[in-house]
Amino acid sequence: MKKFLCITGSFPIPTTNGTSVFNSLYALTLKHHAPVQLVKKEDGVHMEVTPDVLEPGDDYAFLAFLADVGKELPGQVVGELEVWWPMVVDSGPQWWSLDEAGKLFVTEGEITRGEPQPYEG
């Protein structure tokens, strides 16, 4: 049984620049074989990670894709993904963020164990 990264969040894609952003994203997706999809939402088009595709170890290649997106489309693709590894016990999520300047940030999270609570059934 394969264990996939659980990734939530998306990157809004501007549609005001015609097709240039879409063309660039398409080229980068092909270059990196990135498992992303464009999803239409109420507030526009978003780039999301295809569910149940990225496995632990695939994250480095995907981060290289995001770094290239930031370099090629600075300020146009901005957002954040929350990433959880399978079978997480002692660690928390990571956040993969592209900022307005096109810089990619990886932020580590932590899980701290709370006080035991009685089971109420």
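Refer to the structure above for everything that follows.
Residues numbered from 1 in each chain as written. Predicted model: local features only at pLDDT ≥ 70, side-chain atom pairs only at ≥ 80, totals over all residues. Heavy atoms only, no water.

A few words now on the sheet that holds strand β3 (residues 44–49). Pairing in this open sheet of 6 strands is antiparallel, and the strands run β2-β3-β1-β4-β5-β6 from one edge to the other. The open sheet has two edge strands with one neighbour each: β2 (36–41) and β6 (104–108). The sheet shows a mean angle of 20° between the axes of neighbouring strands, direction not considered. Where strand β1 (residues 6–13) and strand β4 (residues 79–84) come together, 5 bridges link them in antiparallel fashion. Bridged to Ser10 within β4 is Glu80. Those strands touched by helix α2 (residues 59–72) are β1, β2, β3, β4, β5 (94–98) and β6, and its axis lies near 25° from that of β5. (Pairing = 2+ DSSP bridges. Helix = DSSP H or I, 4+ residues; strand = E, 2+ residues; numbered from the N terminus. Axes fitted to C-alpha atoms, helices over the stretch in contact; angles between N-to-C directions. Contact = heavy atoms within 4.5 Å.)

It is worth spelling out the side chain of Thr29 at this point. Looking at the element boundaries, Thr29 is found in helix α1 (residues 20–32). Classification of Thr29 by relative accessible area gives buried; the value is 18%. Engagement of the side chain of Thr29 in a polar contact is seen with the backbone oxygen of Leu25, the distance being 2.7 Å. For Thr29, the residues in contact, after removing those within four places along its chain, are Ala34, Val36 and Phe65. (Buried < 20%, exposed > 50% of the residue type's maximum accessible area, 1.4 Å probe, protein only. Polar contact = N/O pair within 3.5 Å; in protein donor to acceptor, adjacent residues only side chain to side chain.)

Its identity as a non-glycine residue notwithstanding, His33 has a phi of 50°, on the positive side. Following the sequence through the fold, His33 ends up in the loop between α1 and β2. Phi at Asp52 is positive, roughly 55°, even though this residue is not glycine. You can see Asp52 is positioned in the loop between β3 and α2. Judged by relative accessible area, Asp52 falls into the exposed class, the value being 55%.

The topology assignment puts Val53 in the loop between β3 and α2. Distance in space between the C-alpha atoms of Val53 and Cys6 is 9.5 Å, their sequence separation being 47 residues. With near-sequence residues (within four places) excluded, Val53 lies in contact with Phe4, Pro35 and Asp58.

None of this, on its own, says anything about what the molecule does.
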